[in-house]
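# Geometric and topological summary
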Amino acid sequence: MNVLKWMKTNKASYPKTALHFNISNVGTIWQWQHIWETEGADALYRSKGR
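Report follows, based on the coordinates. Quick caveat, the model's predicted, so the values are computed rather than measured. (Residues numbered from 1 in each chain as written. Predicted model: local features only at pLDDT ≥ 70, side-chain atom pairs only at ≥ 80, totals over all residues. Heavy atoms only, no water.)

## A short note on the overall build of the chain
Counting its regular elements, the chain contains 3 helices and 0 strands. The order of helices and strands in the chain, counted from the N terminus, is α-α-α. Counting only residues that meet the buried cut, the chain has 22% of its 50 residues in that class. Look at the contacts in the chain between residues 6 or more apart in sequence, and 32% of them connect residues 24 or more apart. Entry remark: accessible area of the chain is about 4,100 Å², with carbon and sulfur atoms responsible for 51%. (Helix = DSSP H or I, 4+ residues; strand = E, 2+ residues; numbered from the N terminus. Buried < 20%, exposed > 50% of the residue type's maximum accessible area, 1.4 Å probe, protein only. Contact = heavy atoms within 4.5 Å. Areas by Shrake-Rupley, 256 points an atom, 1.4 Å probe, with all protein chains shown as cover.)

## Description of helix α1 (residues 2-9)
Within α1 the residues assigned to the buried category are Val3, Leu4 and Met7. Buried residues of α1, viewed axially, fall in a sector of 95 degrees; they line one side. Turned more than 90 degrees off the buried face of α1, the exposed positions are Asn2 and Thr9. Elements that come into contact with the buried residues of α1 comprise α2 (14-21) and α3 (26-39). (Arc of directions from axis to C-beta.)

## Quick notes on the nonpolar core
Among the nonpolar cores identified, the biggest contains 7 residues, and these are Val3, Leu4, Met7, Ala12, Ala18, Ile23 and Ile29. Among the elements that take part in this core, α1 stands out by supplying 3 residues, more than any other. The contacts of Met7, once residues within four sequence positions are left out, are Ala12, Ser13, Tyr14, Thr17, Ile29 and Gln33. (Core = buried A, V, L, I, M, F, W, Y, C linked by side-chain atoms within 4.5 Å.)

## Describing the environment of Thr28
Within the element layout of this structure, Thr28 appears in helix α3. What makes Thr28 partly exposed here is its relative accessible area of 21%. In sequence terms Thr28 and Ala18 are 10 residues apart; their C-alpha atoms lie 8.9 Å from each other.

Below is the structure:
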């Protein structure tokens, strides 16, 4: 959630955000944003579980 808030506040791109937070896969940030927009913030905290 902090990653997405930082990205929005700084109007940063996915690659710039990934670099700032040392996230190796830029697609992960896109996926988090997609989940946030479609399912809400609570969905980011749900365990996928096994």
